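Summary of structural features
Residue-level listing of the chains:
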Amino acid sequence: MNNTDEELRSLTLEENLSEQKRAIHILTKGISIQKIAVKLFAQKQFFFPHKIYQNLKPYLFPYIKEDIFNLDDETLEIVSQSLAQIALQLSPQDQLTLLQISAAFIKQKNIWYHVYQNVLDHNYCKQLINELADSLDPIQRQKAAKLLSYTPFIEKIQILCSDLSIDVKLEIIKTIQVIYNKFDASIFSSYLHLKIIALIYDMDVKQEAIEMFFTVNKKLVDRERWITNYFFEFLNVTAPYMIKLMSRICGKALQGIIDVQPNIARFMKIYTQYCDSPFEEVRINFAYNFAGIITLLNGDYYDQLQTSYLDSMINDNCQIVREILLASVSDVLKAIRHQQKNKLIQAIKTQLSNPIIQQQLSQIFINCNDDEDKTYINELLHELSRIKINSTIIQETIKLIFVQYQRISDIICASDYDTWASHLLLNLNHDQSYVRQLISQSLAFIGHQDHYVVNQMKSHLKSSKFRMRINYIEFVGQMSDICSKKFFHQFYDVLQLSSDKIFDVRIKLGRIMQKLYAMIADDDDQTVQKYLSAQKLLLKDNIIAEILKVDANILITDDQKREQKELKELKDQKETVHQIPRYLSEDIEIIKPKVTTTRQQSNRSLVQNNKASDLILRPSCCQKVLKEQEMIYISHHSKAMIRKASQI
């Protein structure tokens, strides 16, 4: 359809119009859909600045009074929510106008309740509620019950609790659950206690009323004397509809009355029966409540439920029950004690290939964080090593485990080292870069103790695939966070990649340059020169130059602790194997740990010492031990050159 020039001009605005003039123009001359769009925009942009709102008001409210009645219900609901947000910004007169429009919509279309959330004229609200509540039409009384959830008047709520209409009573039950915290307990109880008791025995609304009762019971006076009686009265009802109801709300109800110390053993006897119910819905409710109840009871009574829980998790004929219980294992592990975990861990081992368990692996290992639980982690890792590792979830779990424990000999059997290393190395060429990154970083934790892994990763330095070269950079970057400077010295061959022809490789190297700088030993002028040369090449790329200009001020303050950790690992390995492991080769040097912890304080290198307690791992590539009298501190000047070069 072709539009005339005049029609096109009527639908366009001058570009130099201000936002305010543009809005006024649309509100006066635009079509309905344009006007509603401006109103919604004005709600966010113009109403809050009072002066601008005053300018728009003459155009906005006539539009609201007239055109808005022609909109569809869905759009009107959006408008009501928007106006509810700005109601307090309106003048009393405009707010009254808004309330009048809202009242019309409530009466005619059962919408626009939101506006009453933020109004100042409660008298008008009360008048509307009274008008609706006194109507002979139950639909209008139901609207009054709903409106009371936005502007609660407890006297009217009390009256509507006794309404003859089921729909009105159902609506007022919902309202009570929304507003009960807005009243003092004495007022709430004096007006509604007897009404609520009547509702929970009203067969028309009994189920909804009971659920509401356990939600609001803390607002009822002297509840300590009688609340548990009601709780067990409802639990003991054998009617199927009550069994289904109580199996669904029992966890929430128990949480609401736990402060009055109900008879938990009595409750558990009933709750256990839900697990074997012939009703599928009841067993589903049992599953939904299980983790919450065990957590609420701090693991108590888990032994009583353990057999039913594990059997249902694996063998229940309802898939939903099995899936819900499988999804609860990480929360259950967190709630129970070490001695209670064994059978659950064995069940998890049989389900490690299940995606529901894999989604929880990280949380499962986090919740097995006690020293006593390391045997369980070992078992799970041993079983996990049998599964083909090809999912991001498993890779993230591996990374989390290694980050959490670092000393992997505590959690992985020596017999599994090669298996894990093989799994990870085989997946280094994974299609997803994020997975490759996780694998490379995870290998660093193994490589810290396994020289075979180090050699395999070093072989990728000259790989024809740029992905593998990036993997080596990720490996080195992670290694800088966990090993000592002496052990790390062997990885400065990564600087060769500063001249790599692939930009992605160079920029990845640029991102770890600050880490590399921080790991240079104070007396290692040769590595300083290599670093400067690599930095000079990287500075040729403007993007990488910007990265290098950022001074991250990375300081390695725990190098001595890392060395001592490596010493302890070496001792433990020697005690276990009674010989130097293959991954240590002959790269052992007897040196004395540093006394100082900062580069500025260190002006002497470490000297030889024959004490067995001072054995430190040191690769052959950094076996440079200087005599004490020859120690000259040269790194200050060299590293000042680095800082200067990074600012070029």
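This one's a predicted model, so the numbers in the text were calculated from it and none came from an experiment.

The secondary structure content of the protein chain amounts to 33 helices and 2 strands. Contacts in the protein chain between residues far apart in sequence, at least 24 positions, make up 70% of those at least 6 positions apart. Total accessible area on the protein chain is roughly 31900 Å²; 50% of this is exposed by carbon and sulfur atoms.

This part takes up the packing of helix α20 (residues 342-350) against helix α22 (residues 374-384). Helix-helix packing is described using two parameters, namely the angle between the two axes and the distance between the axes. The interhelical angle for the contact between α20 and α22, taken along N-to-C directions, is 10°, at an axis separation of 10 Å. By the angle between their directions, the pair α20 and α22 is classed as roughly parallel. Where α20 crosses over α22, the two elements pack in a sense that is right-handed. Two secondary-structure elements touch here, α20 through Asn 342, Ile 345, Gln 346, Ile 348 and Lys 349 and α22 through Tyr 376, Glu 379, Leu 380 and Glu 383. Each residue belonging to the contact of α20 with α22 can be placed in one class, and the counts come to 4 nonpolar, 2 polar and 3 charged.

Attention shifts here to the packing of aromatic side chains. What describes a pair of aromatic rings is the distance from one ring centre to the other and the angle between the planes of the rings. Tallied over the entire structure, the rule returns 23 aromatic pairs. On the numbers, 5.9 Å between centres and 45° between planes, the contact of Tyr 517 with Tyr 531 is tilted. In this pair, Tyr 517 is assigned in helix α29 (residues 503-518) and Tyr 531 in helix α30 (residues 525-538), connecting sequence segments 14 residues apart. In this structure, Lys 244 is placed above the aromatic ring of Phe 279, and the distance from its NZ or CZ to the ring centre is 5.0 Å. Residue placement shows Arg 266 over the ring face of Phe 232; its charged tip is 4.2 Å from the ring centre.

Core analysis: the largest hydrophobic core is formed by 148 residues, its most contacted members being Phe 213, Phe 214, Leu 344, Phe 475 and Leu 516. Ignoring sequence-local partners within four residues, the contact set of Phe 475 consists of Ser 440, Leu 443, Ala 444, Val 453, Val 454, Met 457 and Phe 491.

For the rest of this paragraph, the subject is the environment of Lys 343. Tracing the backbone through its elements, the reader meets Lys 343 in helix α20. Separated by 33 residues in sequence, Lys 343 and Leu 310 place their C-alpha atoms 8.2 Å apart. Every residue in contact with Lys 343, bar those within four places of it in the chain, is listed here: Gln 306 and Leu 310.

Looking now at helix α25 (residues 433-447). In this model α25 runs 20 Å from its N-terminal to its C-terminal C-alpha over 15 residues, within 8% of the 21 Å that 1.5 Å per residue would give. Looking at α25, one finds that the buried residues are Val 435, Arg 436, Leu 438, Ile 439, Ser 440, Gln 441, Ser 442, Leu 443, Ala 444, Phe 445, Ile 446 and Gly 447.

A word on helix α8 (residues 138-147). All of the buried residues along α8 are Gln 140, Arg 141, Lys 143, Ala 144, Ala 145 and Leu 147. For α8, the side-chain oxygen to backbone nitrogen distance between the N-cap and Ile 139 is 3.0 Å, and the N-cap itself is Asp 137.

Moving on, we get to the pattern of salt bridges. Under the counting rule described, the total for this entry stands at 13 salt bridges. For Glu 211, the salt bridge goes to Arg 248, with nearest N and O atoms at 3.2 Å. On the criterion of sequence distance, the pair formed by Glu 211 in helix α12 (residues 206-216) and Arg 248 in helix α14 (residues 240-257) is long-range, its members being 37 residues apart. According to the relative accessible area criterion, Glu 211 is partly exposed, its value standing at 21%. In this structure Arg 248 comes out as partly exposed when scored by relative accessible area, which is 39%. Linking Asp 493 and Lys 458 is a salt bridge whose minimum nitrogen-to-oxygen distance equals 2.7 Å. Residue Asp 493 is found in the loop between α28 (485-488) and α29, and its partner Lys 458 is found in helix α26 (residues 451-458); the two are separated by 35 residues along the sequence.

With phi around 55°, Gln 261 is a residue other than glycine that occupies positive phi space. Position of Gln 261 relative to the elements: it lies in the loop between α14 and α15 (264-275). With a relative accessible area of 71%, Gln 261 lands in the exposed category. Of note in this structure, Asn 298 is not a glycine but carries a positive phi near 55°. Residue position: Asn 298 is located in the loop between α16 (280-296) and α17 (302-315).

For the rest of this paragraph, the subject is the environment of Asp 370. Summarising the element assignment, Asp 370 is placed in the loop between α21 (355-366) and α22. Judged by relative accessible area, which is 38%, Asp 370 ranks as partly exposed. C-alpha separation for the pair Asp 370 and His 338, spaced 32 residues apart in sequence, amounts to 8.0 Å.

Attention shifts here to the environment of Leu 99. With respect to the secondary-structure elements, Leu 99 resides in helix α6 (residues 92-109). Exposure remark for Leu 99: the relative accessible area of 0% places this residue in the buried category. C-alpha separation for the pair Leu 99 and Leu 128, spaced 29 residues apart in sequence, amounts to 9.6 Å.

The subject of this paragraph is the packing of helix α10 (residues 166-179) against α12. Running from N to C, α10 and α12 point in directions that differ by 15°, and their axes come no closer than 10 Å. As the angle between them shows, α10 and α12 are arranged roughly parallel. Crossing of α10 over α12 shows left-handed handedness. Along its contact with α10, which presents Leu 170, Ile 173, Ile 176 and Gln 177, the element α12 presents Glu 208, Ala 209, Glu 211, Met 212, Thr 215 and Val 216. For the contact of α10 with α12, the residue count by class is 6 nonpolar, 2 polar and 2 charged.

This part covers the side chain of Ser 189. Counting through the fold element by element, Ser 189 comes out in helix α11 (residues 185-200). Only 3.2 Å separates the side chain of Ser 189 from the backbone nitrogen of Val 221, close enough to count as a polar contact. What Ser 189 contacts, discounting residues up to four positions off in sequence, is Lys 219, Leu 220 and Val 221.

Moving on: the confidence of the model for the protein chain. In the predicted model, the protein chain carries a mean pLDDT of 75, and the fraction of residues at 70 or more is 64%. Low pLDDT, under 50, characterises residues 40-53; the stretch is placed with 27 contacts to residues that sit more than four places away or in other chains.

Definitions and cut-offs
Residues numbered from 1 in each chain as written. Predicted model: local features only at pLDDT ≥ 70, side-chain atom pairs only at ≥ 80, totals over all residues. Heavy atoms only, no water. Helix = DSSP H or I, 4+ residues; strand = E, 2+ residues; numbered from the N terminus. Contact = heavy atoms within 4.5 Å. Areas by Shrake-Rupley, 256 points an atom, 1.4 Å probe, with all protein chains shown as cover. Axes fitted to C-alpha atoms, helices over the stretch in contact; angles between N-to-C directions. Parallel < 35°, antiparallel > 145°, perpendicular 65-115°, else oblique. Left-handed = near helix turned anticlockwise from the far one by under 90°. Nonpolar A, V, L, I, M, F, W, Y, C, P; charged D, E, K, R; others polar. Phe/Tyr/Trp six-rings, centres within 6.5 Å; stacked < 30°, edge-to-face > 60°. Lys NZ or Arg CZ within 6 Å of the ring centre and 35° of its normal. Core = buried A, V, L, I, M, F, W, Y, C linked by side-chain atoms within 4.5 Å. Buried < 20%, exposed > 50% of the residue type's maximum accessible area, 1.4 Å probe, protein only. Expected span 1.5 Å × (residues − 1). Polar contact = N/O pair within 3.5 Å; in protein donor to acceptor, adjacent residues only side chain to side chain. Salt bridge = Lys/Arg side-chain N within 4 Å of Asp/Glu carboxyl O. pLDDT = per-residue confidence, 0-100.

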